Amino acid sequence: MPLQINDIAPNFTQETTEGTIDFYEWAGDSWVVLFSHPKDFTPVCTTELGAVAKLKPEFDKRGVKVIGLSVDPVDNHARWAADIAETQGMAPNYPMIGDTDLKVSKLYGMLPADVQGTSEGRTPANNATVRNVFIIGPDKQIKLLIAYPMTTGRNFDEILRVIDSMQLTAKHKVATPVNWKQGDDVIITTAVSNEDAQTLFPGFTTLKPYLRTTKQPG
């Protein structure tokens, strides 16, 4: 079965640009963004890795650890980092997993479990499905997963928006509406009675019995 939201993210031990890590130990009690790449020295991924490096203070502010993955060896990642710094203005400032044995790609359902061999000789086309974003909560559950085509760069501002929503809704009995961003009104969940809502969210607005809005809490 492929991984789904609320599944436990598989643990693994693997080489990275910052040494060997046990994923659970490295993650600790933090939120984690794991994003994967089909090959080093690919153009779209080059832009993404630089963008995430520039956004790292935003992830840090939210208590989120970022880790990248590419199927190539860690030595290649180091050479690629120089290209990323040259072309994007900043090199990766977070660990990059070298998934040469394809172990993590298989664990996370990005490659079929019966794929044989290593990263040697594989092309981006062979690894087209190794292009996902996983957001993993402190409880090690997968909170979000998105798969992207190779020709479409990821929108990491959207990833930050989703993290803001998930962290807010984990603390309060609310949900966020379409295109929500920080400071916008939110939706009171249907699990909250009107009586409780009066206490929790005084002055809330009822549009329909199932659609009640309130100012963003906290």
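This structure is a prediction, so every number in the text was calculated from the model and none was measured. (Residues numbered from 1 in each chain as written. Predicted model: local features only at pLDDT ≥ 70, side-chain atom pairs only at ≥ 80, totals over all residues. Heavy atoms only, no water.)

## Things to note about unusual backbone geometry
Okay, step 1: Within the chain, Asn6 stands out as a residue other than glycine whose phi angle is a positive 80°.
Okay, step 2: As for its placement among the helices and strands, Asn6 is situated in the segment before strand S1 (13-16).
Okay, step 3: Although it is not a glycine, Asn179 sits at a positive phi angle of roughly 60°.
Okay, step 4: Within the element layout of this structure, Asn179 appears in the loop between strand S8 (174-175) and strand S9 (186-188). (Helix = DSSP H or I, 4+ residues; strand = E, 2+ residues; numbered from the N terminus.)

## Describing the pairing of strand S3 (residues 31-37)
Okay, step 1: For S3, the tally of buried residues reaches seven of seven residues, placing the bulk of the element in the interior.
Okay, step 2: Inspection of the sheet shows S3 paired to strand S4 (residues 64-70) by seven bridges, in the parallel sense. Looking across to S4, one finds that Trp31 is bridged to Val64. (Buried < 20%, exposed > 50% of the residue type's maximum accessible area, 1.4 Å probe, protein only. Pairing = 2+ DSSP bridges.)

## Topic: the pairing of strand S2 (residues 19-22)
Okay, step 1: Both S1 and S2 contribute to a ladder of four bridges, which runs antiparallel. Considered in S2, the bridge of Gln14 is made with Ile21.

## Comments concerning the pattern of salt bridges
Opposite charge on two side chains permits pairing when their charged atoms draw close.
Okay, step 1: Considering all chains together, one arrives at eleven salt bridges under this definition.
Okay, step 2: Between Asp60 and Lys56 there is a salt bridge, with the nearest N and O atoms lying 3.2 Å from each other. Highlighted residues: Asp60 and Lys56, both in helix H2 (residues 43-61), separated by four residues, approximately one helical turn.
Okay, step 3: The salt bridge partner of Asp185 is Lys215, with a shortest N-O separation of 3.8 Å. Of the two residues, Asp185 sits in the loop between S8 and S9 while Lys215 sits in the segment after strand S11 (211-214), which places them 30 residues apart along the sequence. (Salt bridge = Lys/Arg side-chain N within 4 Å of Asp/Glu carboxyl O.)

## Describing the nonpolar core
Okay, step 1: In terms of nonpolar packing, the biggest core is built from 25 residues, with Val33, Phe35, Phe59, Tyr94, Val133, Ile135 and Ile159 touching the most fellow members.
Okay, step 2: Among the secondary structure elements, those contributing two or more residues to this core are S3, H2, S4, helix H3 (74-88), strand S6 (132-136) and helix H5 (156-171).
Okay, step 3: Leave out the neighbours within four places in its chain, and Tyr94 touches Thr17, Glu18, Phe35, Leu49, Val52, Ala53, Lys56, Val66 and Gly68.
Okay, step 4: Val32, Leu102, Leu111 and Val130 belong to the second-largest nonpolar core, a separate cluster that totals 23 residues. (Core = buried A, V, L, I, M, F, W, Y, C linked by side-chain atoms within 4.5 Å. Contact = heavy atoms within 4.5 Å.)

## Brief notes about the sheet that holds S11
Okay, step 1: Here four strands make up an open sheet; going across it, the order is S8-S9-S11-S10 and the pairing antiparallel. The open sheet has two edge strands with one neighbour each: S8 and strand S10 (205-208).
Okay, step 2: Here S10 pairs with S11 via three bridges, running antiparallel. Bridge pairing links Lys208 to Leu211 in S11.

## Here we look at the environment of Asp157
Okay, step 1: Position of Asp157 among the secondary structure elements: in helix H5.
Okay, step 2: Residue Asp157 is classed as exposed on the basis of its relative accessible area of 55%.
Okay, step 3: Separated by 106 residues in sequence, Asp157 and Ala51 have C-alpha atoms that sit 9.8 Å apart.

## Side note on H3
An α-helix turns once every 3.6 residues. As a result, residues three or four positions apart point the same way.
Okay, step 1: A rise of 1.5 Å per residue sets the reference length of H3, with its 15 residues, at 21 Å; its end C-alpha atoms lie 20 Å apart and thus fit the reference within 8%.
Okay, step 2: Looking at H3, one finds that the buried residues are Asn76, His77, Trp80, Ala81 and Ile84. For H3, the angular spread of buried residues about the axis comes to 145°, placing them on one side. In H3, those exposed residues whose orientation departs by more than 90 degrees from the buried face are Asp75, Arg79 and Glu86.
Okay, step 3: The positive-phi residue at the C-terminal boundary of H3 is Gly89, with phi of around 90°. (Expected span 1.5 Å × (residues − 1). Arc of directions from axis to C-beta.)

Read these as geometric descriptors, not functional statements.
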